[in-house]
Amino acid sequence: MSRKTITSCDCLVVGAGASGLAAAFAAAKSGLRTVVLERNEKAAKKLLATGAGRCNYSNVGAEGFGALIEAMREYFGIEPAFEEGRVYPRS
């Protein structure tokens, strides 16, 4: 487990689940010095379990669906795979 001493930041996000990581990403993208705190040993641990272990990260037709797909492509290089109304990483 990595522990660092943070002396200052512009944005503090508590929880590295899907929503917390999305909030942290948006804050960092806007130029804020962002810190994410997570009590589990790994960030996004629960996300890994979604979609029967295949990391379902959205549902087709969900609000903001198109923006999420584009952000995942542009910033993380993750191409989507669509299956039965769900979105998984292609890899």
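Residues numbered from 1 in each chain as written. Predicted model: local features only at pLDDT ≥ 70, side-chain atom pairs only at ≥ 80, totals over all residues. Heavy atoms only, no water.

Draft legend 1. Representation of the sheet that holds strand 3 (residues 58-59) in the model. In spatial order, the strands read 3-5-4; together these three strands make up an open sheet with antiparallel pairing. Bordering the open sheet on either side are strand 3 and strand 4 (80-83), each of which pairs with just one other strand. Pairing of strand 4 with strand 5 (residues 86-89) involves four bridges; the strand directions are antiparallel. When the bridges of strand 5 are listed, Glu83 appears paired with Arg86. (Pairing = 2+ DSSP bridges. Helix = DSSP H or I, 4+ residues; strand = E, 2+ residues; numbered from the N terminus.)

Draft legend 2. The environment of Gly15, seen in detail. Along the chain, Gly15 falls in the loop between strand 1 (11-14) and helix 1 (18-29). Residues Gly15 and Ala44 lie 29 residues apart in sequence; the distance between their C-alpha atoms is 9.0 Å. With residues up to four places along the chain from it excluded, the contact list for Gly15 reads Gly20, Leu21, Val36, Leu37 and Glu38. (Contact = heavy atoms within 4.5 Å.)

Draft legend 3. Structural context of helix 1. For helix 1, built from twelve residues, the straight-helix expectation of 16 Å at 1.5 Å per residue is met to within 8% by its first-to-last C-alpha distance of 16 Å. Regarding helix 1, the residues found buried are Gly20, Ala24 and Ala27. The buried residues of helix 1 all sit within an arc of 65° when viewed along its axis, so they share a single face. Exposed positions of helix 1 whose direction lies more than 90 degrees from the buried face are Ala18, Ser19 and Lys29. The inward-facing, buried residues of helix 1 abut strand 1 and strand 2 (34-37). At the exit of helix 1 stands Gly31, carrying a positive phi of roughly 100°. (Expected span 1.5 Å × (residues − 1). Buried < 20%, exposed > 50% of the residue type's maximum accessible area, 1.4 Å probe, protein only. Arc of directions from axis to C-beta.)

Draft legend 4. Highlighting the nonpolar core. Counting five residues, the largest nonpolar core consists of Tyr57, Phe65, Ile69, Met72 and Val87. Those residues in contact with Met72 that lie beyond four places of it in its chain are Tyr57, Gly77 and Ile78. (Core = buried A, V, L, I, M, F, W, Y, C linked by side-chain atoms within 4.5 Å.)

Draft legend 5. Up close: the layout of surface pockets. Its volume calculated, the largest pocket comes out at about 590 Å³. What lines the largest pocket is a set of 19 residues, among which Ala18, Leu21, Leu47, Leu68 and Met72 lie closest to the centre. Sort the elements by how many residues they give to the lining of the largest pocket and helix 1 lands first, with seven residues. (1 Å grid on protein atoms, 1.4 Å probe; cavity = no way out; pocket = protein on both sides within 12 Å on 5 of 7 lines; lining within 4 Å. Points joined across faces, edges and corners; volume = space filled by probe spheres on them.)

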